[in-house]
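Coordinate inspection notes
These are the residues of each chain, in order.
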Amino acid sequence: MSALEVKNLTKTFDKIVAVDNASFEVPDGSIFGLIGRNGAGKTTTLRTIMGIYLQDSGEILFRGKPVDDSFKSMVGYLPEERGLYKKMKVLDTLLFFAEVKGKSGKKLEKEALKYLKRFDLLDRKLSKIEDLSKGNQQKIQFIATVLHDPDFLILDEPFSGLDPINTNLLKTIILEKKKEGKVIIFSTHLMDFAEKMCDHVAMIDNGKIILNGSMQKIKHEYAQQNVSINYEGDISFLNGHPIVEKIEDFGNTTGIRVKNANQTQELLKLLVDRNVTLKKFDANDISLHEIFIQLAGKPIEELTQEVSHV
Ligand code: ATP
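Residues numbered from 1 in each chain as written. Predicted model: local features only at pLDDT ≥ 70, side-chain atom pairs only at ≥ 80, totals over all residues. Heavy atoms only, no water.

Details of the confidence of the model for the chain
Under the convention used in this document: One number per residue, pLDDT, summarises how confident the predictor is, and it ranges from 0 to 100. Should any heavy atoms of two residues lie within 4.5 Å, those residues are counted as being in contact.
For the chain, the mean per-residue pLDDT works out to 90, and 96% of the residues sit at or above 70. Here residues 300–310 scores under 50 on pLDDT; set against residues more than four positions off or in separate chains, the count is 13 contacts.

Below is the structure:
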């Protein structure tokens, strides 16, 4: 059974259609990635799920019933705009957020200290939030999101602003939560992360869901028509060739999408006949990043750069 169902969701701001008839299902016990470029509609979708925005139309169901206040109180939500009380101390902040969710006591405090230790922030437990760096404030906000041990996590761009070590730690904790049977939705424009971590994804572009389903199935389906090559020579004859749907140059690798899955061998023959030197010919190989570019248009330079940092 799906934990969460979003059905024909539309949300507009004046003339902007931020979410346009979006539908997707988040299966139980899984990590679900809502992926897309800046301004695609990810935050608006998550805020509408959380009831911060009221949708123009469409339904959001949690275990078959429309989401209500009890859903919101059981979710661990990491908002995009980070909001902590600047003058409050670190440990007090964590205990305060847990108490809002109805959790308190010695055991909880022990758990808070454990998280602070994992994030290398134990020695800052009495520091004021405003005295922490931006990245460290972000870590506190994440701990505040998970400390009350919610069964459902909604994380809006959880990796933004974190260095590679803390990014990795966050990834580990999210995977631990999945093992415990929790449901996790996170939004990201980092395709590498989504590909490695998510069981299911929905790709949103201009407010519309343009791809949706299990990561394994999506990759399998797209890979069948896709070939990655490294070559020396001239492949310009492939432009507009009847078996070629699209050619995308990624620098070191070129992705070629043929029109039908059974045309990859024909492609190989064409390249060999034209004396193209092939250093790599990898049929059935495609990354989520490549799928994203094929579906959503041109590569997004800033995204590619950010991916290469991690
Ligand atoms: P990013 O990765 O940059 O955060 P996103 O995918 O989360 O982007 P949204 O923040 O949901 O995208 O924005 C989707 C569209 O809706 C954008 O065109 C944005 O300008 C518009 N939008 C979002 N919130 C509002 C608002 N409160 N008022 C008016 N327009 C809004």
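From this point, the discussion proceeds with the structure in view.
Digging into the site of the ligand
Note the threshold: Throughout, the term near means that a residue has one or more heavy atoms lying within 4 Å of the molecule or strand in question. The term polar contact refers here to a pair of N or O atoms within 3.5 Å; inside protein, the definition further demands a hydrogen-donor-capable atom paired with an acceptor-capable atom, and it admits residues adjacent in sequence only when both atoms are side-chain atoms. Note on areas: these come from Shrake-Rupley sampling with a 1.4 Å probe, and a residue is covered only by the protein chains present in the view. Where helices and strands are cited, they refer to DSSP runs of H or I of at least four residues and of E of at least two residues respectively, numbered from the N terminus.
In the region of the ligand, 14 residues are neighbours, and Gly-39, Lys-42, Thr-43, Thr-44 and Glu-80 sit closest. A distance of 2.7 Å is found between an oxygen atom of the ligand and a side-chain nitrogen or oxygen belonging to Thr-43. Taking Tyr-53, its side chain carries an N or O atom lying 3.4 Å from a nitrogen atom of the ligand. Compared with its free state, where it exposes 640 Å², the ligand has 66% of that area covered by protein. Elements supplying a minimum of two residues to the shell around the ligand: β2 (16–27) and α1 (42–49).

Things to note about the sheet that holds strand β7 (residues 152–156)
Under the convention used in this document: Strands are treated as partners if at least two bridges between them are detected by DSSP. Every axis in this analysis is a line fitted to C-alpha atoms, fitted for helices over the stretch in contact. Angles between the N-to-C directions lie between 0 and 180 degrees.
Ordered in space as β6-β7-β8-β3-β9-β10, the 6 strands form an open sheet in which the pairing is mixed. The open sheet has two edge strands, β6 (75–78) and β10 (208–214), and neither has a second partner. Taken pair by pair, the neighbouring strands of this sheet meet at an average axis angle of 10°, ignoring direction. Packing of helix α5 (residues 134–146) onto the sheet brings it into contact with β6 and β7, and relative to β6 it is tilted by some 165°.

Quick notes on the pattern of salt bridges
Which entries qualify depends on this criterion: Just to be clear on terms, a salt bridge is a Lys or Arg side-chain nitrogen sitting within 4 Å of an Asp or Glu carboxyl oxygen. Note on classification: 1.4 Å probe, protein chains only; a residue is buried when its accessible area is under 20% of the maximum for its type, exposed when over 50%, partly exposed between these limits.
Within the structure shown, the criterion is met by 20 salt bridges. Across the pair Glu-109 and Lys-106 runs a salt bridge whose closest N-O atoms are separated by 3.6 Å. Note that Glu-109 and Lys-106 are positioned in helix α4 (residues 106–118) at a spacing of 3 residues, about one turn of the helix. Classification of Glu-109 as partly exposed rests on a relative accessible area of 25%. Taking the shortest distance from any N to any O, the salt bridge between Glu-180 and Lys-177 comes out at 3.8 Å. On the accessibility criterion, Glu-180 (47% relative accessible area) is partly exposed. Salt bridges sharing common partners tie together Asp-149, Asp-151, Lys-177, Glu-180 and Lys-182.

Overview of α4
The test is simple: Multiply 1.5 Å by the residue count of a helix minus one, and that product is the helix's expected span. Arc, as used here, means the arc of the directions from the helix axis to the C-beta atoms.
Taking 1.5 Å per residue as the helical rise, α4 with its 13 residues ought to reach 18 Å, and the 19 Å between its terminal C-alpha atoms agrees with that figure. Buried residues of α4: Leu-108, Ala-112, Tyr-115 and Leu-116, and no others. Along α4, the residues classed as buried sweep out an arc of 100° about the axis, all on the same side. In this structure, α4 carries Lys-106, Lys-107, Lys-110, Lys-114 and Lys-117 as exposed residues pointing more than 90 degrees from its buried face.

Thoughts on the environment of Ile-184
Relative to the assigned elements, Ile-184 resides in strand β8 (residues 183–188). Along the chain, Ile-184 and Val-19 lie 165 residues apart, while their C-alpha atoms are 21 Å from each other. With sequence-adjacent residues up to four places away left out, Ile-184 is seen in contact with Ser-30, Ile-31, Phe-32, Leu-153, Leu-155, Ile-174, Lys-177 and Lys-178.

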